[in-house]
Amino acid sequence: MPAYEMAAVQVHEYNVKMTCEGCSGAVERVLGKLRDKGVQDFTISLPDQKVEVKTSLSSEEILETIKKTGKEVKYLSSHI
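Residues numbered from 1 in each chain as written. Predicted model: local features only at pLDDT ≥ 70, side-chain atom pairs only at ≥ 80, totals over all residues. Heavy atoms only, no water.

Q: Give me the lowdown on the packing of aromatic side chains, citing residues and values where you can.
A: Applying the stated criterion across every chain, the model contains 1 aromatic pair. Taken together, a centroid distance of 5.7 Å and an interplanar angle of 65° make the contact between Tyr-14 and Tyr-75 edge-to-face. One end of the pair, Tyr-14, is in strand E1 (residues 10–16); the other, Tyr-75, is in strand E4 (residues 73–79), and 61 residues separate them in sequence. By relative accessible area, which is 0% here, Tyr-14 ends up buried. For Tyr-75, a relative accessible area of 34% gives the class partly exposed. (Phe/Tyr/Trp six-rings, centres within 6.5 Å; stacked < 30°, edge-to-face > 60°. Helix = DSSP H or I, 4+ residues; strand = E, 2+ residues; numbered from the N terminus. Buried < 20%, exposed > 50% of the residue type's maximum accessible area, 1.4 Å probe, protein only.)

Structural data, given as structure tokens:
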């Protein structure tokens, strides 16, 4: 069993400054690359400027990944 499957799965929420479909698409692409590394699912709400990620990765790892898009991002919370 891969190590990431043993970590607790949580939902991390972020506020991401997105102005268009291209912005949300960029976030979708970088998170999609982590699907086999611990990201189980994610939702992106362009109107709410919010991204929720269901993952066994840490909130910091996800934050750094979203930052790669060049978008302004802020960690909000985590829950199970």
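Q: Describe the sheet that holds E4, naming the residues involved and giving the relevant values.
A: Backbone hydrogen bonds hold the strands of a sheet together, and the pairing may be parallel or antiparallel. Strand order in the open sheet made by the 4 strands is E2-E3-E1-E4, with antiparallel pairing throughout. Two strands in the sheet have a free side with no partner beyond their single neighbour: strand E2 (39–45) and E4. Mean inter-strand twist for the sheet, computed between neighbouring axes without regard to direction, equals 20°. Sheet topology note: the E2/strand E3 (residues 50–55) ladder contains 6 bridges and is antiparallel. (Pairing = 2+ DSSP bridges. Axes fitted to C-alpha atoms, helices over the stretch in contact; angles between N-to-C directions.)

Q: Could you give an account of the side chain of His-12, naming the residues involved and the relevant values?
A: With respect to the secondary-structure elements, His-12 resides in strand E1. For His-12, a relative accessible area of 1% corresponds to the buried category. Separated by 2.6 Å, the side chains of His-12 and Ser-78 make a polar contact. Here His-12 is in contact with Val-51, Glu-52, Val-53, Thr-55, Leu-57, Ser-58, Ser-59, Ile-62, Ser-77 and Ser-78, once residues within four sequence places are set aside. (Polar contact = N/O pair within 3.5 Å; in protein donor to acceptor, adjacent residues only side chain to side chain. Contact = heavy atoms within 4.5 Å.)

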